[in-house]
Amino acid sequence: MHAQPPVRLPRSADPVDFRVHGRHRTLGRPAPRFGGRIGRAPGSGFTADPHRYHLYVCLACPRSLRTAITRSLCGLEDRVSMSVVDPVRDGRGWAFRPGDGHGLDTVAGFALLREAYEATEYHYDGPVSVPVLWDRWSGRIVSNQTPHILYDLATAFSDPTPGFRMGHPDAGPPHPVLHPTGAAADLARLGALFDDDVWEGAQQAGRARAGARYEEAMRTVLDALGRLEHHLSERPFLLGDHLTAADVHLWTTLLHVDAVHRLHLRAEDVHRIADHPALWNYFERLLANPSFGGNVRLDHIARHHTSSCRGPAAGGSSVPIVDWPRLTGLPDRPAVGARGACG
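Residues numbered from 1 in each chain as written. Predicted model: local features only at pLDDT ≥ 70, side-chain atom pairs only at ≥ 80, totals over all residues. Heavy atoms only, no water.

Points about the overall build of the chain
Spelled out, the test is: A helix here means a DSSP run of H or I that spans at least four residues, while a strand means a run of E at least two residues long, and both kinds are numbered starting from the N terminus. Note that accessible areas follow from Shrake-Rupley with a 1.4 Å probe, and for residues the cover is restricted to the protein chains shown.
Scanning the chain from N- to C-terminus turns up 12 helices and 4 strands. Carbon and sulfur atoms provide 53% of the accessible area of the chain, an area that totals close to 15,400 Å².

Considering the sheet that holds strand 1 (residues 53-57)
Selection criterion: Only strands joined by at least two bridges in the DSSP assignment are considered to pair. Axes here mean lines fitted to C-alpha atoms, for a helix over just the part in contact, with angles spanning 0 to 180 degrees between N-to-C directions.
The 4 strands lie next to each other as 2-1-3-4, forming an open sheet whose pairing is mixed. Edge strands, defined here as strands with exactly one partner in the open sheet, are strand 2 (81-84) and strand 4 (140-143). Strand-to-strand twist across the sheet, computed as the mean angle between neighbouring axes with direction ignored, equals 35°. As paired elements, strand 1 and strand 3 (residues 132-135) share 4 bridges and run antiparallel to each other.

Remarks on the side chain of Thr 146
The condition that has to hold: Working rule for contacts: check all heavy atoms of both residues, and any pair within 4.5 Å makes them a contact.
Structurally, Thr 146 is set in helix 4 (residues 146-155). Excluding residues within four positions of it along the chain, Thr 146 makes contact with Arg 63, Thr 67 and Pro 131.

Concerning the packing of helix 7 (residues 245-259) against helix 9 (residues 277-287)
Heads up, the rule is: Any angle that is under 35 degrees is reported as roughly parallel, and any over 145 degrees as roughly antiparallel; angles of 65 to 115 degrees are reported as roughly perpendicular and all others as oblique. Under this grouping Gly is polar, as are all residues other than the nonpolar Ala, Val, Leu, Ile, Met, Phe, Trp, Tyr, Cys and Pro and the charged Asp, Glu, Lys and Arg.
For the pair helix 7 and helix 9, the least separation of the axes is 10 Å and the interaxial angle reads 105°. For the element pair helix 7 / helix 9, the angle class is roughly perpendicular. Together, Asp 247, Leu 250, Trp 251, Leu 254, Leu 255 and Val 257 of helix 7 and Leu 279, Trp 280, Tyr 282, Phe 283, Leu 286 and Leu 287 of helix 9 make up the contact between the two elements. Residue composition of the contact of helix 7 with helix 9, by class: 11 nonpolar, no polar and 1 charged.

Structural notes on the packing of helix 6 (residues 211-232) against helix 8 (residues 267-274)
Stated formally: A clockwise turn of the near helix away from the far one marks a right-handed crossing, whereas an anticlockwise turn of less than a right angle marks a left-handed crossing.
Between helix 6 and helix 8, the shortest axis-to-axis distance is 10 Å and the interhelical angle comes to 15°. With respect to helix 8, the axis of helix 6 lies roughly parallel. Relative to helix 8, the crossing made by helix 6 is right-handed. Contacts from Tyr 214, Met 218, Leu 222 and Leu 225 in helix 6 reach Asp 269, Arg 272 and Ile 273 in helix 8. Of the residues that constitute the contact of helix 6 with helix 8, the class distribution is 5 nonpolar, no polar and 2 charged.

Describing helix 7
Three- or four-residue spacings in an α-helix give side chains the same orientation, since the helix completes a turn every 3.6 residues. This is how it is decided: Multiplying 1.5 Å by the helix residue count minus one yields the expected span of that helix. Exposure categories follow from relative accessible area, calculated using a 1.4 Å probe and restricted to protein chains: below 20% of the type maximum is buried, above 50% is exposed, and the middle band is partly exposed.
Under the 1.5 Å per step criterion, the end-to-end length of helix 7 is 21 Å for 15 residues, consistent within 8% with the ideal 21 Å. Of all the 15 residues making up helix 7, 15 are buried; the element is thus mostly covered by neighbouring parts of the structure.

Concerning unusual backbone geometry
The peptide bond linking Val 130 to Pro 131 adopts the cis configuration, its omega dihedral lying at 0°. Looking at where Pro 131 falls in the secondary structure, it is placed in the loop between helix 3 (114-120) and strand 3. Non-glycine residue His 123 carries a positive phi angle of around 60°. Counting through the fold element by element, His 123 comes out in the loop between helix 3 and strand 3. Take His 123: its relative accessible area is 61%, and that puts it in the exposed class. A positive phi angle, close to 70°, is found at Arg 209, a residue other than glycine. With respect to the helices and strands, the residue Arg 209 is situated in the loop between helix 5 (184-208) and helix 6.

A short note on the pattern of salt bridges
Which entries qualify depends on this criterion: In the sections that follow, a salt bridge refers to a side-chain nitrogen of Lys or Arg positioned within 4 Å of a carboxyl oxygen of Asp or Glu.
Counted under the stated rule, the structure contains 19 salt bridges. One salt bridge in this structure joins Asp 186 and Arg 189, with 3.2 Å as the shortest N-O distance. You can see Asp 186 and its partner Arg 189 sitting in helix 5, 3 residues apart, about one turn around the helix. Classification of Arg 189 by relative accessible area gives partly exposed; the value is 49%. With a shortest N-O distance of 2.8 Å, Arg 272 and Asp 269 are connected by a salt bridge. Of the two residues, Arg 272 and Asp 269 both sit in helix 8, 3 residues apart, roughly one turn of that helix. Judged by its relative accessible area of 1%, Asp 269 falls in the buried class. One salt-bridge network, held together by shared partners, links Glu 215, Arg 266, Glu 268, Asp 269 and Arg 272.

See the structure below:
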């Protein structure tokens, strides 16, 4: 048995108060990179033991959502626990409060996620990001580097099923090989396409609102979506017949295109984004998988967006891409006001 730090009773952060604490802002210097790896570095001490690790995530954050989906796809719900922070943050950063789809930290008893950073680095005064991988045994952060967390969740714990295909009757345990041998370069190339051309392009267009910068950014977005449309019209997943980490990455990107980015684009451009049938059919197909759809919280995304974005809504806010009521039986994305997080 490994000795663990004493467990404090869960504590709730005080309610969000922008008047007292101000709005959250990113500090000038980047967060220290806590870069521990599970089962990777000999002698690191971070072995892949069940019930040792805990995840702190925000389901309004696309990187956190990729982490939650990966955890579910790999069947780790009973081995790696998870806490969800309040999607609305004031100047104190991410916090634990009771609410619909988020709650208190029952593992370490933190009220603010900053306390996990301070427990790991003495007098820590930098920014606080999610996701965070926490080590129950040492009472310290293992990593806040999303690529490392995703890779280690997908490879260090489970025995994936080669050739896994969603819905295939002979697939066996539903643990896909998210990082196939020899696919690292393709995963990196596609990840750059999603982040730089789709996500950042939509961000830039929403910020520009009009003019040459808007048009250039939209061309970048639509060119990338066109390439993905052609790709997915010929195969069920990005790398062929099997689900990989690239599909998780693209799917969360598309979710935020619909739930966030379109709200700041012109209506005609949102229609052009929606006019990629293979791409959005692929999105709907993955949404039907509980590992994807079961981790989606449109209300968290909307609350985060409303509370943190300073940009005005545009005509695209009236043009839905995904038919959420038909697919889920739930209302469409909750409405946001004129302010609504630009990403």
